[in-house]
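A look at the structure
Residue strings, one per chain:
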Amino acid sequence: MEFTIIGGAPDKQRVPCVVAGVFDKRKLAETAAQLDQASHQYIRRIIKRGDLDGRCGQTLMLHQIPGTAAERILLIGCGPKNELSDNKYREIVAKAVTTLNDAGVTEAASYLAEIPTPDRGLDWKVRQLVETAENTLYRFDRLKSKPDASAAVLCSLRVAIANPRDASAAKESLREGRAIAAGVRLAKDLANLPSNHCTPAYLADEARRLQKRYAALKVEVLGVAQIKRLRMGAFLAVARGSREPPALIIVQYRGAPAAQAPVALVGKGITFDSGGISIKPAAAMDEMKYDMCGAASVLGTLRAVAELRLPINLVGLIPATENMPGGNAVKPGDIVTSLSGQTIEILNTDAEGRLVLCDTLTYSRRFKPGVVIDIATLTGACVVALGQHASGLLSNHEPLAAALLAAGGRSGDRAWQLPLWEDYQKQLDSRFADFANVGGREAGSITAACFLARFAKDLKWAHLDIAGTAWRTGNKKGATGRPVPLLVQFLLDRVRKPEDHAPG
Ligand code: BES
Ligand code: MN
Ligand code: ZN
C-alpha cells in the first residue's frame, strides 16, 4: 500500500473516502466536527437517529454528504474520549481499514492520526497507522491457485495532519512505519511458507536477495562442511537427522564506522521441528514450520534497518536446519561437544533450539558484539506462562533487558521478563556430560535460557522466547512478524538516545 502525508480540511479532500473519528456518546472529534460544519450539521443529524453512538470500533459509511468533496465519509467509533489506549487505537485503525477494503474503497484520506490520545503523540500514531494498515490487509495466498476473495483493494492511504509544521516529523514517522511494515511482511512471508518450500537453502537465498537489494548488507553462508570444520557439534547434532542440508547464514549490515561494536541478532532457524527421535505428537505438528520465526525476524529486522539506513552496525546470525528423526539422527543420551568446548548430554532431541543457538552464540563472539540478542520459538512452556501477548525476555544484563522492555512497550510488541537466577541452573545437571539439554518439567522457559546463558557468559546478552507471539493458531493461523517491531524500535532507540539506551 502507498502512504502519503497530506494537509488540508477534511471537507475539501477530493478522494473516494474520508475517515473521521467519533467518540463515545456521539462526541464528534475535530475532523468529524469540521465535516459536520461544512455539511450544515448533516452528520450530527444522522448520528442522532442512532446509527452510531461512538462505541469503539463502530462504523458508519455515509455517501455524498452535502458540502464535502469526498465521495464517502467513514465515521468510526473511538470509545470514551481520554481513554484511547494503544490497543484501542490499533483496533480502530484496523476496523477502519477493513471497512474501507470491504467497501471496495481504493483510496482514502485518514484523519485518525489527529485523534487525541492521552499517552501518544502524532509520530507514534502515524507509525502505528501504517503498521496496522499493512498488518490488517496482509494475506498469504501465493500458494493458492486463485488469490483470496478478500484480497486488498485499498491501495492508497493519505494520512492527514492538521498542522503543516508537523509535516516533516510525520513524514519521518511514515518512513519508519513503512520500513517496519516491510520487515514484518518479510518475516511473515518466510514464516508462513511451509517447510517444503522454506528450507535452510531457501532462507540463505532470501538473505542473498536482501544483499542484492541493499548495498550495506553482506551475506555469507556456511555449508555443512564448514560447520563441521568449525566444530559446531551441537548444531550438527540437530542437523544430522535430516536430508535437507543445514546452513549458517551470516548477514552483516554496515551503517557506522567499523570501530563501532555491532549488535548481534541470533535467530533460531529450524525450518521444521518434528522433535527428532523424541518425536512430537501429531496434533498441530504443521505449526512447527513456524520454528524458524526467530530467523525470519532477524531477516525482517535487517531489511527494515537497511531500508532506514540506520547509523549502526548489525550482524544477523541464523543457524538453519530441520530437526528430523532420520536414520543418522542424534539419539537421547548422546553426548556432543559444542563449539565452546562444553559437552552436552542430549536427553531430549526436541530441545533442539538451544543446541543450534548455543553454537551460534559462541560463533557470534568473533564479531566482538556490543550486545547479543537471540530470538527463538524456544519453549512450549513460554506459551503456557505468557500466552500470545508477550514474548519472554531473559537477560544477563539489566540495562539491555530494560531497553528491550521499553522498546516493546512503545512498539506495541511487548516482552515480559522472567528471572535468570542461578537457582535454576542445577536443573541442567548431568551425570555424564558437563550438563544436559533439558531441565525437567518446572520452569521450562527459564531452564532453556539458563542453558543458553552458559554460552553467553561475559557477553551482554538477552534472549527473546517468541513461542507464543510469533504466530497465531486456530482459524486465524498465521505468522505475526513479531518481534520485528520491538527489535527495530530497540535499534532506533540506540541511535537516538545512546546515553540512556545503549547498554555498553
Ligand atoms: N519449537 C519447540 C517449542 C515450541 C513448541 C514452540 C510448541 C511453540 C509451540 C521447541 O523446539 C521444543 O520442542 N521445545 C520443547 C522443549 C522440551 C523438550 C524441554 C518443549 O517446549 O516442549
Ligand atoms: Mn523442538
Ligand atoms: Zn523447536
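This text follows the structure it describes.
Below, the structure is looked at part by part.

What counts, and where the lines are drawn
- Residues numbered from 1 in each chain as written.
- Chains lettered and ligands numbered in written order.
- Predicted model: local features only at pLDDT ≥ 70, side-chain atom pairs only at ≥ 80, totals over all residues.
- Heavy atoms only, no water.
- Helix = DSSP H or I, 4+ residues; strand = E, 2+ residues; numbered from the N terminus.
- Buried < 20%, exposed > 50% of the residue type's maximum accessible area, 1.4 Å probe, protein only.
- Areas by Shrake-Rupley, 256 points an atom, 1.4 Å probe, with all protein chains shown as cover.
- Lys, Arg positive; Asp, Glu negative; His and termini not counted.
- Charge placed at Lys NZ, Arg CZ, Asp CG, Glu CD.
- 1 Å grid on protein atoms, 1.4 Å probe; cavity = no way out; pocket = protein on both sides within 12 Å on 5 of 7 lines; lining within 4 Å.
- Points joined across faces, edges and corners; volume = space filled by probe spheres on them.
- Nonpolar A, V, L, I, M, F, W, Y, C, P; charged D, E, K, R; others polar.
- Domains from an automatic or database assignment.
- Salt bridge = Lys/Arg side-chain N within 4 Å of Asp/Glu carboxyl O.
- Donors = N, O, S within 2.8 Å, 3.2 Å for Na, K, Ca; no water.
- Phe/Tyr/Trp six-rings, centres within 6.5 Å; stacked < 30°, edge-to-face > 60°.
- Lys NZ or Arg CZ within 6 Å of the ring centre and 35° of its normal.
- Pairing = 2+ DSSP bridges.
- Tetrahedral: all angles 85-135°; square planar, octahedral: opposite > 155°, others 65-115°.
- Near = heavy atom within 4 Å.
- Polar contact = N/O pair within 3.5 Å; in protein donor to acceptor, adjacent residues only side chain to side chain.
- Sits in = over half its atoms within 2 Å of the grid points.

**Considering the overall build of the protein chain**
Regarding its fold elements, the protein chain presents 15 helices and 21 strands. Seen through its principal axes, the protein chain has C-alpha atoms that stretch 85 × 50 × 45 Å. The 504 residues of the protein chain split such that 59% are buried. Total accessible area on the protein chain is roughly 20900 Å²; 49% of this is exposed by carbon and sulfur atoms. The distance from the centre of the 65 positive side-chain charges to the centre of the 52 negative ones in the protein chain is 3 Å.

**With respect to unusual backbone geometry**
In this structure, the amide linkage connecting R482 to the following residue, P483, adopts the cis form with an omega of 0 degrees. As for its position among the elements, P483 is in the loop between strand 21 (478-479) and helix 14 (484-496). Of note in this structure, A443 is not a glycine but carries a positive phi near 50 degrees. Counting through the fold element by element, A443 comes out in the loop between strand 18 (435-436) and helix 13 (444-453).

**Description of the layout of surface pockets**
Taken as a whole, the largest pocket encloses approximately 1400 Å³ of empty space. Forming the boundary of the largest pocket are 38 residues, of which N135, K188, R472, T480 and R482 lie nearest the centre. In terms of residue class, the lining of the largest pocket is built from eight nonpolar, 14 polar and 16 charged. Two domains each put at least three residues into the lining of the largest pocket: domain 1 (2-160) and domain 2 (181-501). Along the wall of the second largest pocket there are 33 residues; nearest its centre are K280, L378, T379, G380 and A381. At the level of elements, helix 10 (353-364), helix 11 (380-386), helix 13 and strand 20 (471-472) are the ones that each hand at least two residues to the lining of the second largest pocket. In terms of residues, the lining of the second largest pocket owes the most to one element, helix 11, which gives three residues. Of the residues in the lining of the second largest pocket, the class split is twelve nonpolar, twelve polar and nine charged.

**Details of the pattern of salt bridges**
Oppositely charged side chains may form a pair once their charged atoms are brought near each other. Taken as a whole and assessed by the stated rule, the structure comprises 22 salt bridges. One salt bridge connects D86 with R120, and the closest N-O pair in it is separated by 2.7 Å. With a gap of 34 residues between them, D86 in helix 3 (residues 86-102) and R120 in the loop between strand 6 (107-110) and helix 4 (122-137) connect regions that are remote in the sequence. Through salt bridges with shared partners, one network takes in R127, E131, E176 and R496.

**Some details on the coordination of the zinc ion (ligand 3)**
In this structure, K268 (NZ), D273 (OD), D291 (OD) and E352 (OE) serve as the protein donors to the zinc ion (ligand 3), at separations of 2.0 to 2.4 Å. Counting along the primary sequence, the residues that act as donors to the zinc ion (ligand 3) give the motif K-x4-D-x17-D-x60-E. The distance between the zinc ion (ligand 3) and the manganese ion (ligand 2) is 3.2 Å, with D273 acting as a donor to both metals. Of this pair, D273 sits in strand 11 (residues 269-273) while D291 sits in the loop between strand 11 and helix 9 (293-308); the two residues are 18 residues apart in sequence, bridging distant segments of the chain.

**Observations regarding the packing of aromatic side chains**
Within the structure shown, the criterion is met by seven aromatic pairs. Centroid distance F435 to F455: 5.8 Å. Interplanar angle 75 degrees. Geometry classified as edge-to-face. Taken as a pair, F435 in strand 18 and F455 in the loop between helix 13 and strand 19 (461-465) lie far apart in primary sequence, 20 residues in all. You'll find F435 and F455 in the same group, each marked buried. A connected cluster of aromatic rings, assembled from ring pairs, spans F435, F451 and F455. When the ring centre of Y202 is taken as reference, the NZ or CZ atom of R209 above it lies at 5.3 Å. Lying over the aromatic face of F435, R454 brings its terminal NZ or CZ to 4.6 Å of the ring centre.

**Points about the pairing of strand 4 (residues 59-63)**
Here strand 4 shows a buried face lined by L60 and L62 and an unburied face lined by T59, M61 and H63. The pairing of strand 4 with strand 5 (residues 72-77) spans five bridges and is classified as antiparallel. Across the sheet, the residue bridging to L60 is L75, located in strand 5.

**Some words on the coordination of the manganese ion (ligand 2)**
The protein atoms that coordinate the manganese ion (ligand 2) are D273 (OD), D350 (O), D350 (OD) and E352 (OE), at distances spanning 2.0 to 2.2 Å. Coordination geometry of the manganese ion (ligand 2): the six donor atoms subtend angles of 70 to 166 degrees at the metal centre, consistent with an arrangement described as irregular. Here the donor residues for the manganese ion (ligand 2) map to a single chain with the spacing D-x76-D-x1-E. The exposure class of D350 is partly exposed, given its relative accessible area of 22%. Looking at E352, the relative accessible area reads 1%, which means it is buried.

**As for the site of ligand 1**
For ligand 1, the set of nearby residues contains 16 residues, the closest of which are D273, D291, D350, E352 and G380. Take T377: an N or O atom from its main chain is 3.3 Å from a nitrogen atom of ligand 1. The contact in question runs from a nitrogen atom of ligand 1 to an N or O atom on the backbone of L378, over 3.4 Å. In this structure the site holding ligand 1 corresponds to the second largest pocket. Residues that form the shell around ligand 1 fall into these classes: five nonpolar, four polar and seven charged.

**Things to note about the pairing of strand 14 (residues 343-346)**
Neither face of strand 14 is exposed, since T343 and E345 on one face and I344 and I346 on the opposite face are all buried. Pairing of strand 13 (residues 334-337) with strand 14 involves four bridges; the strand directions are antiparallel. Within strand 14, the position partnered with V336 by the bridge is I344. Hairpin connection between strand 13 and strand 14: a loop of five residues separates the two successive antiparallel strands, and G341 in this loop has a positive phi of roughly 95 degrees. Bridge analysis of strand 14 against strand 18 gives two bridges, and the strand direction is parallel. Residue pairing for strand 18: E345 is matched across the bridge by A436.

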